[in-house]
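Observations on the three-dimensional arrangement
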Amino acid sequence: METILDALGDAGRLVAGLDPKLVEIVALSLRVSLSAVVLATALALPLGAAIAVAKFRGRQAVIVILNALMGLPPVVVGLLVYLLLSRAGPLGAMGLLFTPTAMVIAQTILILPIIAALTRQAVDDAWREYQEQLRSLGAGEGSAALTLVWDIRFSLLTAVLAGFGRAAAEVGAVMIVGGNIDGVTRVMTTAIALETSKGDLPLALGLGVILVTLVLALNAAAYTLKEAAQRRYG
Amino acid sequence: MRAPTSILPLRLDEVSFAAGGRTIVDRVSLVLEAGPRTIILGPNGAGKSVLMRLCHGLLAPTSGRIEWAAAERPGERRRQAMVFQRPVMLRRSAIANVEYALGLAGVAGRERERQAEAALESVGLAHLADRSARVLSGGEQQRLALARAWALRPEVLFLDEPTASLDPGASAEVERIIEAIRAAGTKIVMCTHNLGQARRLGDEILFLHQGRVVERAPAARFFTLPATAEAGAFIQGELPWT
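Starting from 1, residues in each chain are numbered consecutively following that chain's sequence as written. Ligands are numbered from 1 and chains lettered from A, in the order in which they are written. Per-residue local features of the predicted model are confined to residues with pLDDT of at least 70, and side-chain atom pairs are confined, for both listing and counting, to 80 or more; whole-chain, interface and lining totals are unaffected and use all residues.

The way it works is that DSSP assigns letters per residue, a run of H or I at least four long becomes a helix, a run of E at least two long becomes a strand, and they are numbered from the N terminus. Assigned secondary structure in chain B consists of 8 helices and 9 strands. Restricting the calculation to C-alpha atoms gives the radius of gyration, and the globule rule supplies 2.2 Å times the number of residues raised to the power 0.38. Here chain B has a C-alpha radius of gyration of 18 Å; the compact-globule value for 242 residues is 18 Å, and the two agree. Along the first, second and third principal axes, the C-alpha set of chain B runs to 55 × 45 × 35 Å. Burial status across chain B gives 44% buried among its 242 residues. Whether two residues are in contact depends on their C-beta atoms, placed from the backbone: they are in contact if these lie within 7 Å. For chain B, the share of sequence-separated contacts (at least 6 apart) that also reach a separation of at least 24 residues comes to 67%. Exposure is read from a count of other C-beta atoms within 10 Å of each residue's own; the residue is exposed at 12 or fewer, buried at 20 or more and partly exposed in between. C-beta atoms are placed from the backbone.

Quick look at the overall build of chain A now. Counting secondary structure elements, chain A contains 10 helices and 0 strands. Listed N to C, the secondary structure of chain A is α-α-α-α-α-α-α-α-α-α in terms of helices and strands. For chain A, the C-alpha atoms occupy an extent of roughly 65 × 50 × 25 Å along the three principal directions. When each of the 234 residues of chain A is scored for burial, the buried share is 39%. The long-range fraction of contacts in chain A, counting pairs at least 24 apart against all pairs at least 6 apart in sequence, stands at 79%.

Residues and elements named next belong to chain B. Looking at the secondary structure, you find Thr5 in the segment before β1 (10–19). By C-beta crowding, Thr5 is classed as exposed, having 8 other C-beta atoms within 10 Å. Sequence separation between Thr5 and Ala69 is 64 residues, and the spatial gap between their C-alpha atoms is 8.3 Å. Excluding residues that lie within four positions of it along the chain, Thr5 makes contacts with Ala69 and Ala70.

With that settled, consider the packing of helix α2 (residues 20–53) of chain A against helix α10 (residues 201–233) of chain A. All names here are of chain A. Here, axes are lines fitted to C-alpha atoms. For helices the fit covers the stretch in contact, and angles between N-to-C directions go from 0 to 180 degrees. Interhelical geometry of α2 versus α10 gives an angle of 40 degrees and a closest axis separation of 11 Å. Our classification of the angle between α2 and α10 gives oblique. Along this stretch, α2 crosses α10, giving a crossing that reads as right-handed. Note on element contacts: α10 touches α2 through Leu203, Gly206, Leu207 and Ile210, opposite Leu22, Ile25 and Val26. For the contact of α2 with α10, the residue count by class is 6 nonpolar, 1 polar and no charged. An angle below 35 degrees is read as roughly parallel, one above 145 as roughly antiparallel, one from 65 to 115 as roughly perpendicular, and any other as oblique. Left-handed is the label given to a crossing in which the near helix is rotated counterclockwise from the far helix by less than a right angle, and right-handed is the label when the rotation is clockwise. Polar here means any residue other than Ala, Val, Leu, Ile, Met, Phe, Trp, Tyr, Cys and Pro, which are nonpolar, and Asp, Glu, Lys and Arg, which are charged; Gly is therefore polar.

Right, let's talk about the packing of helix α5 (residues 100–136) of chain A against helix α6 (residues 141–151) of chain A for a bit. All names here are of chain A. α6 packs onto α5 with a crossing angle of 125 degrees between their chain directions and a minimal axis gap of 10 Å. Relative to α6, the element α5 is oriented oblique. Between α5 and α6 lies a crossing whose hand is right-handed. Between α5 and α6, the contacting residues are Val123, Ala126, Trp127, Tyr130 and Leu134 on the first element and Ala144, Thr147, Leu148, Val149 and Asp151 on the second. Partitioned by chemical class, the residues of the contact of α5 with α6 number 8 nonpolar, 1 polar and 1 charged.

Residues and elements named next belong to chain B. Of all 6 residues that make up strand β7 (residues 187–192), 6 are buried, and the element is covered over most of its length. Both faces of β7 are covered, namely the face carrying Lys187, Val189 and Cys191 and the face carrying Ile188, Met190 and Thr192. Pairing between two strands requires that DSSP report at least two bridges joining them. Examined bridge by bridge, strand β3 (residues 38–41) and β7 share 4 bridges and lie parallel to one another. Its bridge partner lying in β7, Ile40 is registered against Cys191. Examined bridge by bridge, strand β6 (residues 156–160) and β7 share 5 bridges and lie parallel to one another. Looking at β7, one finds that Leu159 is bridged to Met190.

Our next topic: the interface of chain B and chain A. Of the residues lining the interface, 17 residues belong to chain B; the matching set on chain A comes to 14 residues. The set of elements that each furnish at least two residues to the side of chain B that touches chain A consists of β5 (80–83) and α2 (94–104) of chain B. Partitioned by chemical class, the residues of the side of chain B that touches chain A number 10 nonpolar, 2 polar and 5 charged.

A separate point is the sheet that holds strand β2 (residues 22–32) of chain B. All names here are of chain B. Strand order in the open sheet formed by 3 strands is β2-β1-β4, with antiparallel pairing between adjacent strands. Strands at the two margins of the open sheet, each flanked by one partner only, are β2 and β4 (63–68). Adjacent strand axes in the sheet meet at a mean angle of 20 degrees when their direction is disregarded. Bridge count for β1 against β4 is 5 bridges, and the pairing is antiparallel. Note on β4: the bridge partner recorded for Ser16 is Ser63. In the packing of helix α1 (residues 48–56) onto the sheet, the strands contacted are β1, β2 and β4, and the crossing angle to β2 comes to about 55 degrees.

On to the confidence of the model for chain B, then. For residues with low pLDDT, the predicted coordinates do not support detailed interpretation. You can read pLDDT as the predictor saying how much it trusts each residue, on a scale of 0 to 100. On average, residues of chain B score 92 in pLDDT, and 96% of them are at 70 or above. For this predicted complex, the interface score ipTM comes out at 0.91, while the overall pTM is 0.83.

We now examine unusual backbone geometry. Residue and element names in this part refer to chain B. Cis geometry marks the peptide bond from Leu8 to Pro9, where omega comes out at 0 degrees. The backbone phi angle of Arg27 is positive, close to 45 degrees, even though this residue is not glycine. Mapped onto the fold, Arg27 is located in strand β2. For Arg153, which is not glycine, the phi dihedral falls at a positive 50 degrees.

What follows deals with the nonpolar core. Ranked by internal contacts, the top residues of the largest apolar core, which has 135 residues, are Ala106(A), Ile115(A), Val177(A) and Ala147(B). Among all residues touching Ala147(B), those that are not within four sequence positions of it are Val98(B), Ala119(B), Leu120(B), Ser122(B), Val123(B) and Leu125(B). Residues enter a nonpolar core if they are buried, belong to Ala, Val, Leu, Ile, Met, Phe, Trp, Tyr or Cys, and are joined to the set through C-beta atoms within 7 Å.

It is worth spelling out α2(A) at this point. For α2(A), spanning 34 residues, the distance from its first C-alpha to its last is 49 Å, which sits close to the expected 50 Å at 1.5 Å a residue. Bend angle per residue: angle between axes fitted to the 7 residues ending at that residue and the 7 residues starting there. At Thr41(A), α2(A) shows its largest kink, close to 30 degrees. Each helix should span, by expectation, one fewer than its residue count multiplied by 1.5 Å.

This part takes up the sheet that holds β3(B). Residue and element names in this part refer to chain B. In spatial order, the strands read β5-β6-β7-β3-β8-β9; together these 6 strands make up an open sheet with mixed pairing. Of all strands in the sheet, those with a lone pairing partner are β5 and β9 (212–218), marking the two edges. When the angles between neighbouring strand axes are averaged without regard to direction, this sheet yields 15 degrees. Contacts between helix α4 (residues 138–151) and the sheet are confined to β5 and β6, with β5 contributing the most and set at about 175 degrees to the helix.

The following block contains the structure:
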């Protein structure tokens, strides 16, 4: 018990003192995961909305697969991206393996299905409610989809946040394609894993506290925004 | 380019609609002309709403043909509009909802704003223009839906039980607006199961029963001398209609 308390105390000092090593790790984590969220969102929103609104053969199958992909194991994604980017792989010549870019790619692949599937569900529900009215007014499929996405933008924030939560919290993918190289590809989760196995609990705990706080704060902010929007727009 | 001929009359030729193995509209043939307000009456499940959605193009008939005098082309401004039982409003201000519809109809810029303001004015909602549409009361939302439809200057306006979920005061207001829209030259096609409303607003009655048009008559004659047993029973309140 004492070691834990000591470690917590040291962790508090590291965080309060803005320990440079800790700051560097947190900054890289945010850079990688936020980039992945931006990229995945840009692809997943149109994709999810299109699947919700369009009618095509095999739509049911696509939805089932998309939903299943939400549970994609990070290590498997890591392995696939590793194979793609490794020297012998098809994209090996780009020399991206063990760089932050490789980590962004892996996390984008990991969270794209999450954001797309949640978007599809939200747009689908809204489409059921709006479709007759929008078609009556003469909106085409594309323009109707855009209208829907804009109208439920605050609900879609939840989908994007789910993606961010997943990206920020996963270890497997970034560990495999990033390599946890000190000062280059070490992020919060990989650092926690490493420091814990080394027995350096203060740094691991400090990072853990920051990670949890970050995710909590973001969700609280999103919740507040959604509530405010609900009151404003109904 | 195109001569501004009317889209009316609308011709239905042996139109049927089936879903889930059940025939909801059964071989309906009729012609809707410009002018008289047509009220579609009938008990619940008679196929009133489905018939109206077929006419408006929201549903495709299983068999039969639906033809407007001037065919509608995709991407072109619609010359008909519909108001639903439950209005669907976008999460934006009242006036933005009207402007959205005008935008789809190809009206842009200052003109769009002007027409939207005029439409709100005509349904008595000008003072709520900047209020979020979804927080308006049911009656106000239905008036907004009427303003949105009216702003499009449709030649035909379909109304699907527009007052079914409104209190008497709000219903009266909606009826007043419908009358104003008719007076401005729009053909009204409305379905209701409210006999009083049908009497007040109808010039002719289309009586639907089990997916068939059982009787079509001028309103005055329909209510005093119904020609069919079904219509008679319906007027007497012997058929379930609530």
